[in-house]
Amino acid sequence: MNPHPSRVLQGVAANLLSEVLPSIQAPFGQQLVGIAAMLDMMVAEEFERAADRLVTENRAVREILAAGRNLLGESTPPAVTEAIDTPPAATLLVSDLQRENNILRGALIELHAAVERAHGEAARALEVRIWDELIESTRRRQFSVRP
């Protein structure tokens, strides 16, 4: 047997809600069980999508950083150049992908600030592109189950 972590967590959540919750009398205990079930569902969803979300986002942010370096030239913040020069995660472990993501997103903040100070249509277009990615990255993190 090879249990899939998402299914296991969903099963735990279902059992908490259908078997455990009805047997608890105290409202505080019921609330704790409900929260635990909801967290199980959220962790199951994030487990399933985390690597894909991070690979997608890291690729998108790297492209924006490269466009920013092309636009700003010598005015490019050092963090942007350092992030671009940082090799992609060596593995698909979520911890490695998240470490890369942290570096890239930090550089994106620096780039965004620099682009806001820059003049011209190309700077405004890149600013829109940055905002679009930030909005999309928020969508990628939304859970289908809401507390």
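Here the structure is a predicted model, which is why all the values come from computation and not from measurement. (Residues numbered from 1 in each chain as written. Predicted model: local features only at pLDDT ≥ 70, side-chain atom pairs only at ≥ 80, totals over all residues. Heavy atoms only, no water.)

Peer 1: A description of the overall build of the protein should follow, citing residues and the corresponding values.
Peer 2: Scanning the protein from terminus to terminus reveals five helices and zero strands. Scanning the protein from its N terminus toward the C terminus, one meets helices and strands in the order α-α-α-α-α. For 147 residues, the compact-globule estimate of 2.2 N^0.38 gives 15 Å, and the C-alpha radius of gyration of the protein, at 21 Å, exceeds that figure by more than 25%. In the protein, buried positions account for 32% of the 147 residues. A separation of at least 24 residues holds for 69% of the contacts in the protein among residues at least 6 apart in sequence. (Helix = DSSP H or I, 4+ residues; strand = E, 2+ residues; numbered from the N terminus. Rg over C-alpha atoms; globule rule 2.2 N^0.38 Å. Buried < 20%, exposed > 50% of the residue type's maximum accessible area, 1.4 Å probe, protein only. Contact = heavy atoms within 4.5 Å.)

Peer 1: Tell me about the packing of aromatic side chains, and please be specific about residues and values.
Peer 2: Evaluated as defined, the whole model comprises zero aromatic pairs. Seen from the ring of Phe143, Arg49 lies directly overhead, with NZ or CZ sitting 4.7 Å from the centre. (Phe/Tyr/Trp six-rings, centres within 6.5 Å; stacked < 30°, edge-to-face > 60°. Lys NZ or Arg CZ within 6 Å of the ring centre and 35° of its normal.)

Peer 1: Break down the confidence of the model for the protein for me, citing the residues and quoting the values.
Peer 2: Residues with a pLDDT of 70 or more make up 98% of the protein, whose mean pLDDT is 94. Taken element by element, the protein is modelled with least confidence in helix 1 (residues 5-20), mean pLDDT 89, and with most confidence in helix 4 (residues 94-117), mean pLDDT 98. (pLDDT = per-residue confidence, 0-100.)

Peer 1: I'd like a description of the nonpolar core, backed by residues and values.
Peer 2: In terms of nonpolar packing, the biggest core is built from 17 residues, with Leu65, Leu108, Leu111, Val115 and Ile130 touching the most fellow members. Only helix 2 (27-72), helix 3 (78-85), helix 4 and helix 5 (121-141) provide two or more residues apiece to this core. Apart from residues lying up to four places away in sequence, Val115 is in contact with Leu72, Ala123, Arg124, Leu126, Glu127 and Ile130. (Core = buried A, V, L, I, M, F, W, Y, C linked by side-chain atoms within 4.5 Å.)

Peer 1: Let's hear about the packing of helix 4 against helix 5: which residues, and what values?
Peer 2: Where helix 4 meets helix 5, the closest approach of the two axes is 10 Å, and the angle between their N-to-C directions is 145 degrees. Two packed elements cross with a definite hand, and for helix 4 against helix 5 that hand is left-handed. Residues Asn101, Arg105, Leu108, Leu111, His112, Val115 and Glu116 of helix 4 lie in contact with helix 5, whose contacting residues are Ala123, Arg124, Leu126, Glu127, Ile130, Trp131, Leu134, Ser137 and Arg141. When its residues are assigned to classes, the contact of helix 4 with helix 5 shows eight nonpolar, three polar and five charged. (Axes fitted to C-alpha atoms, helices over the stretch in contact; angles between N-to-C directions. Left-handed = near helix turned anticlockwise from the far one by under 90°. Nonpolar A, V, L, I, M, F, W, Y, C, P; charged D, E, K, R; others polar.)

Peer 1: I'd love a proper account of the environment of Thr76, names of residues and values included.
Peer 2: If you trace the backbone, Thr76 turns up in the loop between helix 2 and helix 3. Given a relative accessible area of 10%, Thr76 falls into the buried group. Each C-alpha atom, one on Thr76 and one on Glu110, is 9.0 Å from the other, the two residues being 34 residues apart in sequence. Dropping the residues within four chain positions of it, Thr76 is found in contact with Gly68, Arg69 and Thr81. In this structure the side chain of Thr76 is engaged in a polar contact, spanning 2.7 Å, whose partner is the backbone oxygen of Gly73. (Polar contact = N/O pair within 3.5 Å; in protein donor to acceptor, adjacent residues only side chain to side chain.)

Peer 1: If you had to explain the pattern of salt bridges to someone new, which residues and values would you point to?
Peer 2: A full pass over the atoms with the stated rule returns 12 salt bridges. Here Arg62 makes a salt bridge to Glu100, at a shortest N to O gap of 3.0 Å. Residue Arg62 is located in helix 2, and its partner Glu100 is located in helix 4; the two are separated by 38 residues in the primary sequence. Judged by its relative accessible area of 18%, Arg62 falls in the buried class. Exposure remark for Glu100: the relative accessible area of 8% places this residue in the buried category. (Salt bridge = Lys/Arg side-chain N within 4 Å of Asp/Glu carboxyl O.)

Peer 1: Describe in detail the environment of Leu39, supporting the description with residues and values.
Peer 2: Examined against the element boundaries, Leu39 turns out to sit in helix 2. Distance in space between the C-alpha atoms of Leu39 and Gln10 is 9.9 Å, their sequence separation being 29 residues.

Peer 1: Lay out helix 5 with the relevant residues and their values.
Peer 2: The end-to-end C-alpha distance of helix 5, which contains 21 residues, comes to 31 Å, matching closely the 30 Å that a straight helix rising 1.5 Å per residue would cover. Buried within helix 5 we find Ala123, Leu126, Glu127, Ile130, Glu133, Ser137 and Arg140. Angular distribution of buried residues about the axis of helix 5 spans 145 degrees; they occupy a single face of the element. Taken together, the buried residues of helix 5 touch helix 2 and helix 4. (Expected span 1.5 Å × (residues − 1). Arc of directions from axis to C-beta.)

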